[in-house]
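Descriptive structure summary
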Amino acid sequence: AFIAAVPVLYLLGQMVLLSLAFVREHHVWHQNLTVTVETPSGENTGSAVVEVRAAFGQQPLSGNEVKYAYQGEATVVEVAPGKYLFALLGGSEERFYYAARDRFKGKERGEWLYDIPKQTEPVELIGKGVPLLVTFADITDPTTVTRVDPDDLDASFGCDAYNGAALPWRAAGQSFRHRAQ
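So, here's what we can say about the structure. (Residues numbered from 1 in each chain as written. Predicted model: local features only at pLDDT ≥ 70, side-chain atom pairs only at ≥ 80, totals over all residues. Heavy atoms only, no water.)

1. What about the overall build of the protein chain?
If you tally the helices and strands in the protein chain, you get five helices and ten strands. Expressed as a percentage of the 181 residues in the protein chain, the buried residues total 33%. As displayed, the protein chain has an accessible area near 11400 Å², and 55% of this comes from carbon and sulfur atoms. (Helix = DSSP H or I, 4+ residues; strand = E, 2+ residues; numbered from the N terminus. Buried < 20%, exposed > 50% of the residue type's maximum accessible area, 1.4 Å probe, protein only. Areas by Shrake-Rupley, 256 points an atom, 1.4 Å probe, with all protein chains shown as cover.)

Dropping the structure here:
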């Protein structure tokens, strides 16, 4: 059995070496996602850091130019007592680039991948740059997850009434809003 495994291990090793030959550059950066929610009682903020890794070069068998990986935790903001907003990690790999494209005009992907770790000025995330937002009806039960419309936090957090009482800020035209950067 050991003799039969040697050719398989050899072939696997050769495939790894071959795939590394196509990757020209490795880029790693950390990006902070801060979510600020304007509530009737003031701004509530949460932030989390995500590590993004990019291998630039032809990726064998995939046809992609860049292979991304990211690691971190969701950003969490307590919007109201016991009610939390979560900004998920999906899309983290190119979120900064799409939010700050003007900083990279005229640059090829390999050039802006090299420049991203040098960026220190925050950017506001709008439109498709806003991460997927979710909440939980019961924070202890993952099956109660629901998607949150970033343009209508009131709908997700039941802010028209709290504990059966009408909220005075709604009559004044105020509502919950978010800002991500």
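Right, picking up where we left off after that structure.
2. Side note on the nonpolar core
Counting residues in each nonpolar core, the largest one holds 29 residues, and the members touching the most others are Tyr68, Leu85 and Leu113. The set of elements that each furnish at least two residues to this core consists of β1 (23-39), β2 (42-57), β3 (66-72), β4 (75-80), β5 (83-87), α2 (92-99), α3 (109-115) and α4 (153-157). Not counting chain neighbours up to four residues away, the residues in contact with Leu113 comprise His27, Trp29, Ala54, Phe56, Val66 and Tyr68. (Core = buried A, V, L, I, M, F, W, Y, C linked by side-chain atoms within 4.5 Å. Contact = heavy atoms within 4.5 Å.)

3. Topic: the packing of aromatic side chains
By the definition in use, this model includes six aromatic pairs. Considering the side-chain rings of Phe96 and Phe104, the 6.3 Å spacing of their centres and the 70° angle between planes classify their relative orientation as edge-to-face. Connected via pairs of aromatic rings, a cluster forms that spans Phe96, Tyr97, Tyr98, Phe104 and Trp112. (Phe/Tyr/Trp six-rings, centres within 6.5 Å; stacked < 30°, edge-to-face > 60°.)

4. Quick look at the side chain of Arg95
Relative to the assigned elements, Arg95 resides in helix α2. No salt bridge is formed by the buried Arg95. Its closest oppositely charged neighbour is Glu93, at 7.1 Å. Polar contacts involving the side chain of Arg95 include one to the main-chain carbonyl oxygen of Gly90, which spans 2.6 Å. Among the polar contacts listed, one links the side chain of Arg95 to the backbone oxygen of Gly129, at a separation of 3.2 Å. Those residues in contact with Arg95 that lie beyond four places of it in its chain are Leu33, Leu88, Leu89, Gly90, Leu125, Gly129 and Pro131. (Lys, Arg positive; Asp, Glu negative; His and termini not counted. Salt bridge = Lys/Arg side-chain N within 4 Å of Asp/Glu carboxyl O. Polar contact = N/O pair within 3.5 Å; in protein donor to acceptor, adjacent residues only side chain to side chain.)

5. Some thoughts on the side chain of Gln31
Here Gln31 shows up in strand β1. Assessed through its relative accessible area of 15%, Gln31 is described here as buried. At 2.9 Å, the side chain of Gln31 and the side chain of Trp29 are in polar contact. Ignoring any residue separated from it by four or fewer positions in sequence, one finds Gln31 in contact with Ala48, Val49, Val50, Val52, Ser92 and Phe96.

6. Overview of the sheet that holds β5
Pairing is antiparallel in the open sheet, where four strands are placed in the order β4-β5-β6-β7. Two strands lie at the open edges of the sheet, namely β4 and β7 (145-147), each paired on one side alone. Strand after strand, the sheet turns through a mean of 30° between neighbouring axes, direction not considered. (Pairing = 2+ DSSP bridges. Axes fitted to C-alpha atoms, helices over the stretch in contact; angles between N-to-C directions.)

7. Structural notes on the pairing of β4
Pairing analysis gives five bridges linking β4 to β5, with the strands arranged antiparallel. The partner of Thr75 across the bridge, within β5, is Ala87. Taking the residues between adjacent antiparallel strands as the criterion, β4 and β5 are bridged by two residues, where Gly82 takes a positive phi near 75°.

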